[in-house]
Amino acid sequence: MKSLEAYQEFLLKEYSNLPTGRYVNLVIIRETESECIFRTEGSGEPLNRELVQAGIKNTSVIPRVIISKRKQTAVERRTGREMLRSYGLLSVSGSECMLNTNAPCEHCVDCWLYGYAVGGGGAQKSRVITEEAFSVLPAGQIIATKTFNALFDNNTMRHPVTREASTSINSSEYVKPGVHFVDIETLKDVTAAEMVYVTANILNSRRYGAISSKIGRVKNHLAAIVFSRSEIFSTLEMVQQLYDLLIEDTPELEHPLETARVLDQAIKAINILLPQVYGPKKVMTGEKLAAYFKEVAIILEDPRSFLETLTRSYPQPSKDKNKRKNDIE
Ligand SMILES: [Zn+2]
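Under an unreviewed UniProt entry, the protein has the name CRISPR-associated protein Csc2 and belongs to Neomoorella thermoacetica.

Written as structure tokens, this is what we have:
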């Protein structure tokens, strides 16, 4: 890919199971577009929050809402798996690859990239590493509580036969629309094609948490891509640096923040934090990032051959067996 030519030293030419310390860090601003729960529905559990320092300079302590890493990757994996399944590439080994069962296929793109573990011993470490996503603003500004009535079949609060009033009323905390979360997804030792596959999953995932209802719309903005030869700053450092920059020109931050401003300041935050990362590194933003997105969009117009080539790039089921046989001999 033309847009990735300048970053070749941070990408693998072909899949290798030996780590070489090449990192592609996708800095994502997740913006809620509806009320979001990010909890198991109906569980009545409160949203996850952590007390952390607001900024790096600003040392006051605030509660931030967090989205668990499992919640995020599970959604993005499913997005990718739907695409693979639609082209018949989720049953490379003969039987359908099943998520969260004891029988991952061990041969599809999803298994190779996001990893799997089998009780019997086989395992592939995930090369998509995520942390918890943190809200930019404190919990008090972005959370509200809602009461849900459990309606009967006749859509009323009265039992259709006994006419008794329903007593099941649940309240749930939700994140308001227009809230921004910071998240960094790190891809370790991936090829350009694998990077495109994960990028597509992130950009195409629009619904997080509380899947069965009309809530949970999220828009993912890929603010920047940082290529590096060592681990970069954490998601928490990133959200704190961003917070410091935002309050510099608006001391009283209020929900909702303007998305364009959050994205601009996010890039500034990266540039402030990056000198602390030792070793080779390059940041992709602006026009270069737009050119990459354009190439990804063209691939996704008709992704069949791209996905087939990617699938074939891994050790194949039959050859794999021979290899194991050779190893034993
Ligand atoms: Zn699989």
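Read on, since the account is not over.
*Asks:* When you look at the overall build of the protein in this model, what are you seeing that I'm missing?
*Replies:* Assigned secondary structure in the protein consists of nine helices and 12 strands. Here the analysis covers contacts within the protein between residues at least 6 apart in sequence; of these, 75% occur between residues at least 24 apart. Counting only carbon and sulfur atoms, one obtains 50% of the accessible surface of the protein, whose full area is about 16600 Å².

*Asks:* What is the right way to look at the coordination of the zinc ion in this model?
*Replies:* Each protein donor to the zinc ion is listed here as Cys 97 (SG), Cys 105 (SG), Cys 108 (SG) and Cys 111 (SG); together their distances run 2.3 to 2.4 Å. Around the zinc ion, the four donor atoms sit at angles spanning 102 to 117°, and that spread fits a shape best called tetrahedral. For the zinc ion, all donor residues lie on one chain, and their spacing in sequence is C-x7-C-x2-C-x2-C. The exposure classification of Cys 105 matches that of Cys 111, with both residues buried.

*Asks:* What's the story with the pattern of salt bridges in this structure? I'm lost.
*Replies:* Close approach of charged atoms allows side chains with opposite charge to pair. Throughout the structure, instances matching the rule amount to 12 salt bridges. Between Arg 30 and Glu 76 there is a salt bridge, and its shortest N-O distance comes to 2.9 Å. Here the residue Arg 30 occupies a position in strand β1 (residues 23–32), and Glu 76 occupies one in helix α1 (residues 69–86), the gap between them amounting to 46 residues. The exposure class assigned to Arg 30 is buried, which follows from its relative accessible area of 1%. Judged by relative accessible area, Glu 76 falls into the buried class, the value being 0%. Because the salt bridges share partners, they merge into one network encompassing Arg 30, Glu 76, Asp 183 and Glu 185.

*Asks:* Honestly, the packing of helix α4 (residues 192–204) against helix α8 (residues 304–312) in this entry has me stumped. Any pointers?
*Replies:* Helices that pack against each other are described as a pair by the angle of their axes relative to one another and the distance between those axes. Packing of α4 against α8 leaves a shortest axis separation of 10 Å and a crossing angle of 125°. Classified by the angle between their axes, α4 and α8 sit oblique to one another. For the pair α4 and α8, the sense of crossing is left-handed. Contacts from Ala 193, Glu 194, Val 196 and Tyr 197 in α4 reach Phe 306, Leu 307 and Leu 310 in α8. Tallied by class, residues from the contact of α4 with α8 come to six nonpolar, no polar and one charged.

*Asks:* Is there a simple way to explain the environment of Asn 100 in this structure?
*Replies:* Following the sequence through the fold, Asn 100 ends up in the loop between α1 and α2 (109–114). As for Asn 100 and Ala 117, which are separated by 17 residues in sequence, their C-alpha atoms are 9.8 Å apart.

*Asks:* Looking at this structure, I do not really get the environment of Ile 270. What am I missing?
*Replies:* Checked against the element boundaries, Ile 270 lands in helix α6 (residues 259–273). For Ile 270, the contacting residues outside a window of four places in its chain are Val 27, Ala 224, Val 226, Phe 233, Met 238 and Val 283.

*Asks:* Looking at this structure, how should I read the packing of aromatic side chains?
*Replies:* Each pair of aromatic rings is reported with the distance of its centres and the angle of its planes. Evaluated as defined, the whole model comprises seven aromatic pairs. With a centroid separation of 5.5 Å and 70° between ring planes, the pair formed by Tyr 15 and Tyr 314 is classed as edge-to-face. Of this pair, Tyr 15 sits in the segment before β1 while Tyr 314 sits in the loop between α8 and α9 (317–328), and the two are 299 residues apart along the sequence. For Tyr 314, a relative accessible area of 2% translates into the label buried. Here Tyr 292 and Phe 293 contribute two aromatic rings whose centre-to-centre distance is 6.1 Å and whose plane-to-plane angle is 40°, an arrangement assigned as tilted. Judged by relative accessible area, Tyr 292 falls into the buried class, the value being 0%. An aromatic cluster of at least three residues, connected via ring pairs, comprises Tyr 7, Phe 10 and Phe 227.

*Asks:* Would you mind going over the nonpolar core with me for this structure?
*Replies:* Within soluble globular proteins, side chains that are nonpolar generally end up buried alongside one another. If you look at the biggest cluster of nonpolar residues, it comprises 47 residues, and the most contacted ones within it are Phe 38, Val 175, Phe 181, Phe 233 and Met 238. The leading source of residues in this core is helix α5 (residues 235–249), at seven residues. Core analysis: the next-biggest nonpolar cluster, separate from the first, contains 41 residues, Val 24, Ile 28, Val 128 and Leu 187 among them.

*Asks:* Could you clarify how one ought to interpret α8 in this entry?
*Replies:* Because each turn of an α-helix spans 3.6 residues, side chains separated by three or four positions in sequence point in the same direction. Buried within α8 we find Phe 306, Leu 307, Leu 310 and Thr 311. For α8, the arc enclosing every buried residue in end-on projection is 130°, short of the 170-degree limit, so these residues lie on one face. At its buried positions, α8 is contacted by α1, α2, α4 and α7 (286–301).

*Asks:* What's the story with the environment of Tyr 292 in this structure? I'm lost.
*Replies:* Relative to the assigned elements, Tyr 292 resides in helix α7. Sequence-wise, Tyr 292 and Ser 3 are 289 residues apart; in three dimensions their C-alpha atoms are separated by 5.2 Å. Once you skip the residues sitting within four places of it in the chain, Tyr 292 turns out to touch Met 1, Ser 3, Leu 4, Met 195, Val 196, Thr 199, Ile 225 and Met 284. There is a polar contact of 2.7 Å between the side chain of Tyr 292 and the side chain of Thr 199.

*Asks:* Hey, could you run me through α6 in this one?
*Replies:* With 15 residues, α6 extends 21 Å from end C-alpha to end C-alpha; this agrees with the ideal 21 Å at 1.5 Å per step. Those residues of α6 not exposed but buried are Thr 259, Val 262, Gln 265, Ala 266, Ala 269, Ile 270 and Leu 273. The buried residues of α6 occupy an angular sector of 155° when the element is viewed end-on, so they sit on one face. Close packing links the buried residues of α6 with β1, β10 (180–188), β11 (218–228), α5 and β12 (281–284).

Conventions and cut-offs
- Residues numbered from 1 in each chain as written.
- Predicted model: local features only at pLDDT ≥ 70, side-chain atom pairs only at ≥ 80, totals over all residues.
- Heavy atoms only, no water.
- Helix = DSSP H or I, 4+ residues; strand = E, 2+ residues; numbered from the N terminus.
- Contact = heavy atoms within 4.5 Å.
- Areas by Shrake-Rupley, 256 points an atom, 1.4 Å probe, with all protein chains shown as cover.
- Donors = N, O, S within 2.8 Å, 3.2 Å for Na, K, Ca; no water.
- Tetrahedral: all angles 85-135°; square planar, octahedral: opposite > 155°, others 65-115°.
- Buried < 20%, exposed > 50% of the residue type's maximum accessible area, 1.4 Å probe, protein only.
- Salt bridge = Lys/Arg side-chain N within 4 Å of Asp/Glu carboxyl O.
- Axes fitted to C-alpha atoms, helices over the stretch in contact; angles between N-to-C directions.
- Parallel < 35°, antiparallel > 145°, perpendicular 65-115°, else oblique.
- Left-handed = near helix turned anticlockwise from the far one by under 90°.
- Nonpolar A, V, L, I, M, F, W, Y, C, P; charged D, E, K, R; others polar.
- Phe/Tyr/Trp six-rings, centres within 6.5 Å; stacked < 30°, edge-to-face > 60°.
- Core = buried A, V, L, I, M, F, W, Y, C linked by side-chain atoms within 4.5 Å.
- Arc of directions from axis to C-beta.
- Polar contact = N/O pair within 3.5 Å; in protein donor to acceptor, adjacent residues only side chain to side chain.
- Expected span 1.5 Å × (residues − 1).

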